[in-house]
Amino acid sequence: NGGIGRVNCITFHPSVANTIWAGCPSGGLWKTTDGGSNWTPMTDGMPRIGVSGMVVNYSNTNIMYLLTGDGDGGDVSSIGVLKTTNGGVTWGTTGLTWGVTESKRGYKILMHPTSPGTLFVVSTEGIHKTTNSGTTWTTVHSIGGNYHDIEFKPGDPTIMYACAGTEFFRSTDTGETWT
C-alpha cells in the first residue's frame, strides 16, 4: 500500500472497541468508529499539522489532548499540546505552546491512570507536567537532550520512568523529581 503515509500513534476509546484514532506525522488526526473500515479526518481546516501522540480522558471522552508535530521524523515541528472538549470538533491551545519556527519536537503524551487532569509530555525540551488539565505546564526535568519515552509503573502511578538518549530516569513522586 505505497503512498498511504506513516502513522505515529494509535489511541483507542476507553470503552467503545470500534472507535480508534490514528495520528499521522504530517496528515493530522483521523478517527474510525467502525473498527478501521472507514476513517474521518479530525484536523482538517487546521494548518499542516503532525501528530506525535494523543490521549483520551477516560472519565469524559469528549476531552482529548493532541501532542502536535512529528517527533519521530521531524517532518513537522510541534506547536505544543492542543485540547478539545467536544470530541474533536474544535481544538484549542493549552499552556504548553511553542512557535512553529522554534523547531521543537514532542515525542509522547501520557495521562495519569487515576487523575485525568495530570498529564506528561516528553520533548526536546524535557519532561513537562500539568496537574490542571493543560492550563499550565511545568518542566519538571531537563538535561538538554531529547526525551523519547515516559511510562508509569503498572499498579503504582507514583513511580515513573523516562528515557533521554542513553540515559534512564526514575521518579518516585509522580514526576515531580527525577534521578
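Heads up: the structure comes first, above all this text.
Residues numbered from 1 in each chain as written. Predicted model: local features only at pLDDT ≥ 70, side-chain atom pairs only at ≥ 80, totals over all residues. Heavy atoms only, no water.

Enquirer: Any chance you could explain the overall build of the chain here in plain terms?
Expert: Counting its secondary structure elements, the chain contains 0 helices and 15 strands. Scaling as 2.2 N^0.38, a compact globule of 179 residues should have a C-alpha radius of gyration of about 16 Å, and the chain matches this with 16 Å. On the principal axes, the C-alpha backbone points of the chain span a range of 45 × 35 × 30 Å. Put simply, of all contacts in the chain between residues at least 6 apart along the chain, 37% involve residues at least 24 apart. Counting only carbon and sulfur atoms, one obtains 49% of the accessible surface of the chain, whose full area is about 8,500 Å². The averaged location of the 13 negative side-chain charges in the chain is 2 Å from the averaged location of its 10 positive side-chain charges. (Helix = DSSP H or I, 4+ residues; strand = E, 2+ residues; numbered from the N terminus. Rg over C-alpha atoms; globule rule 2.2 N^0.38 Å. Contact = heavy atoms within 4.5 Å. Areas by Shrake-Rupley, 256 points an atom, 1.4 Å probe, with all protein chains shown as cover. Lys, Arg positive; Asp, Glu negative; His and termini not counted. Charge placed at Lys NZ, Arg CZ, Asp CG, Glu CD.)

Enquirer: Looking at this model, I keep getting lost on the sheet that holds strand β15 (residues 167-171). Mind explaining?
Expert: Working definition: the strands of a sheet are paired by backbone hydrogen bonds and lie parallel or antiparallel to each other. Ordered in space as β13-β14-β15, the 3 strands form an open sheet in which the pairing is antiparallel. In the strand order of this sheet, the two ends are held by β13 (147-153) and β15, each with one partner. Adjacent strand axes in the sheet meet at a mean angle of 20°, parallel and antiparallel pairs treated alike. As paired elements, strand β14 (residues 156-164) and β15 share 5 bridges and run antiparallel to each other. For Ala162, the partnering residue across the bridge sits in β15 and is Phe169. (Pairing = 2+ DSSP bridges. Axes fitted to C-alpha atoms, helices over the stretch in contact; angles between N-to-C directions.)

Enquirer: Where do I start with the packing of aromatic side chains in this structure?
Expert: The description of two aromatic rings rests on the distance between their centres and on the angle between their planes. Scanning the model with the defined rule gives 3 aromatic pairs in all. Both rings, one in Phe120 and one in Phe152, keep their centres 5.9 Å apart while their planes meet at 75°; by these two values the pair is edge-to-face. In this pair, Phe120 sits in strand β10 (residues 119-123) while Phe152 sits in strand β13, placing the two residues 32 residues apart along the sequence. Overall, Phe120 belongs to the buried group, its relative accessible area being 0%. You can call Phe152 buried: its relative accessible area is 12%. (Phe/Tyr/Trp six-rings, centres within 6.5 Å; stacked < 30°, edge-to-face > 60°. Buried < 20%, exposed > 50% of the residue type's maximum accessible area, 1.4 Å probe, protein only.)

Enquirer: Help me understand the nonpolar core, please; the structure alone is not making it clear to me.
Expert: A general trend in soluble globular proteins is that nonpolar side chains are found buried together. Ranked by size, the top nonpolar core spans 14 residues in total, and within it Phe120, Ile127, Ile150, Met160 and Trp178 carry the most contacts. Contributions of two or more residues to this core are made by β9 (106-111), β10, β13 and β14. With near-sequence residues (within four places) excluded, Met160 lies in contact with Leu110, Phe120, Ile150, Glu151, Phe152, Phe169, Arg170, Ser171, Thr174, Gly175 and Trp178. (Core = buried A, V, L, I, M, F, W, Y, C linked by side-chain atoms within 4.5 Å.)

Enquirer: Even after reading the chapter, I still don't get the sheet that holds β10, so can you show me in this structure?
Expert: On the basis of which strands lie adjacent, the open sheet formed by 4 strands has the order β9-β10-β11-β12 and antiparallel pairing. Taken across any chain shown, the strands that pair with only one partner, and hence form the sheet edges, are β9 and β12 (138-141). On average, each strand axis in the sheet is inclined to that of its neighbour by 25°, with strand direction left out of account. Note that β10 and strand β11 (residues 126-130) share 5 bridges and pair antiparallel. Paired with Phe120 across the strands is Lys129, a residue of β11.

Enquirer: What exactly am I supposed to notice about the environment of Ile49 here?
Expert: Mapped onto the elements of the fold, Ile49 is located in the loop between β4 (40-41) and β5 (51-56). Taking the relative accessible area as the measure of exposure, Ile49 reaches 7% and is therefore buried. Note: C-alpha distance between Ile49 and Lys83 (34 residues apart in sequence) is 14 Å.

Enquirer: Just checking my understanding: could you explain the pattern of salt bridges for this structure?
Expert: Once the charged atoms of two side chains with opposite charge are near each other, the side chains can pair. Under the counting rule described, the total for this entry stands at 7 salt bridges. Here Arg6 ties to Asp75 by a salt bridge, and the two come within 2.9 Å at their closest N and O atoms. With Arg6 in the segment before β1 (9-12) and Asp75 in the loop between β6 (64-68) and β7 (80-84), this pair connects stretches of sequence that are 69 residues apart. Residue class for Arg6 comes out partly exposed when judged on its relative accessible area of 32%. For Asp75, a relative accessible area of 44% corresponds to the partly exposed category. Between Lys129 and Glu176 there is a salt bridge, and its shortest N-O distance comes to 2.6 Å. Linking Lys129 in strand β11 with Glu176 in the segment after β15, this pair joins segments that are 47 residues apart in sequence. You can call Lys129 buried: its relative accessible area is 8%. According to the relative accessible area criterion, Glu176 is partly exposed, its value standing at 43%. One continuous salt-bridge network, built from bridges that share partners, spans Arg6, Asp70, Asp72 and Asp75. (Salt bridge = Lys/Arg side-chain N within 4 Å of Asp/Glu carboxyl O.)

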